[in-house]
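# Residue-level structure breakdown
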Amino acid sequence: MRHVYENVPGIGDLVISRHAQIELATDNIKQEDIDRILFEEYEDVPDGIGVMWRQRCGVRLVIVLKPQPFRGAALVVTGYRIQGQKRVRA
């Protein structure tokens, strides 16, 4: 699995942590899915100071924009599949 990305739109350089690599592999998230989330159409959701989600097609990546100590790249700390919420009929 590729773990270093350069010039990701809206982020810059990005690294996927070992923990996130294991989580992505466990959820059977393919390399192509990760590439699509990072470089094609995506939805960015801010989640506090310096943290955001980037998601697409049922997969979410949690990204720390300036991890400490900062080594010049944002860090994907985890990734997982998300399920749509069920709706109740009245």
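Up top is the structure.
In this text the structure is predicted, and so the values were computed from the model without any measurement. (Residues numbered from 1 in each chain as written. Predicted model: local features only at pLDDT ≥ 70, side-chain atom pairs only at ≥ 80, totals over all residues. Heavy atoms only, no water.)

## Quick word on the environment of valine 76
Note the threshold: We count a stretch as a helix when DSSP gives it H or I for four or more residues in a row; a strand needs E for two or more, and each element gets its number in order from the N terminus. Only protein chains enter the accessibility calculation, which uses a 1.4 Å probe. A residue is then buried if its area is under 20% of the maximum for its type, exposed if over 50%, and partly exposed in between. Any pair of residues with heavy atoms lying within 4.5 Å of one another is described as a contacting pair.
Here valine 76 lies in strand S6 (residues 74-81). Look at valine 76 and you get buried, because its relative accessible area is 0%. Between the alpha carbons of valine 76 and leucine 14 there is a distance of 7.3 Å; along the sequence they are 62 residues apart. Sequence-distant contacts of valine 76, that is, excluding residues within four places in its chain, are made with Leu14, Val15, Ile16, Ser17, Ala20, Leu61, Val62 and Ile63.

## Quick notes on the pattern of salt bridges
Counted only if it meets this: Salt bridge, as used here: a side-chain nitrogen of Lys or Arg that lies within 4 Å of a carboxyl oxygen of Asp or Glu.
As enumerated under the stated definition, the model contains 3 salt bridges in all. Where arginine 56 meets glutamate 40, a salt bridge forms, and the shortest distance between an N and an O atom there is 3.6 Å. One end of the pair, arginine 56, is in strand S4 (residues 51-56); the other, glutamate 40, is in the loop between helix H2 (31-39) and strand S3 (43-46), with 16 residues separating them in the sequence. Since its relative accessible area comes to 43%, glutamate 40 is described here as partly exposed.

## Some details on the side chain of arginine 54
Condition: In the analysis that follows, any N or O atom pair within 3.5 Å is treated as a polar contact, provided that within protein one partner can donate a hydrogen and the other can accept it, and provided that, for residues neighboring in sequence, both atoms belong to side chains.
Take arginine 54: it is sitting in strand S4. Since its relative accessible area comes to 0%, arginine 54 is described here as buried. Only 3.1 Å separates the side chain of arginine 54 from the backbone oxygen of leucine 38, close enough to count as a polar contact.

## Thoughts on the packing of aromatic side chains
Inclusion rule: We call Phe, Tyr and Trp rings a pair once their centres come within 6.5 Å, taking the six-membered ring for Trp, and we label the pair stacked below 30 degrees between planes, edge-to-face above 60, and tilted otherwise. Over a ring means this: the NZ of a Lys or the CZ of an Arg is within 6 Å of the ring centre and within 35 degrees of the ring normal.
With the rule as written, the count across this model stands at 1 aromatic pair. With a centroid separation of 6.0 Å and 50° between ring planes, the pair formed by tyrosine 5 and phenylalanine 39 is classed as tilted. Of this pair, tyrosine 5 sits in strand S1 (residues 4-8) while phenylalanine 39 sits in helix H2, placing them 34 residues apart in sequence. A residue is classified by how much of its surface remains accessible, and tyrosine 5, at 0% relative accessible area, is buried. Given the relative accessible area of 35%, phenylalanine 39 is considered partly exposed. Note that arginine 60 overlies the ring of tryptophan 53, its terminal NZ or CZ placed 3.7 Å from the centroid. Over the aromatic face of phenylalanine 70 sits the side chain of lysine 66, whose NZ or CZ is 5.0 Å from the ring centroid.

## Some details on the nonpolar core
For clarity, the threshold we go by: In this description, a nonpolar core means a group of buried Ala, Val, Leu, Ile, Met, Phe, Trp, Tyr and Cys residues linked to one another through side-chain atoms lying within 4.5 Å.
Ranked by internal contacts, the top residues of the largest apolar core, which has 17 residues, are Leu14, Ile34, Leu61 and Ile63. Within the residue set of this core, elements represented by two or more residues are S1, strand S2 (12-16), helix H1 (18-26), H2, strand S5 (59-64) and S6. With residues up to four places along the chain from it excluded, the contact list for leucine 61 reads Leu24, Ile34, Ile37, Leu38, Met52, Trp53, Arg54, Val76, Thr78 and Gly79.

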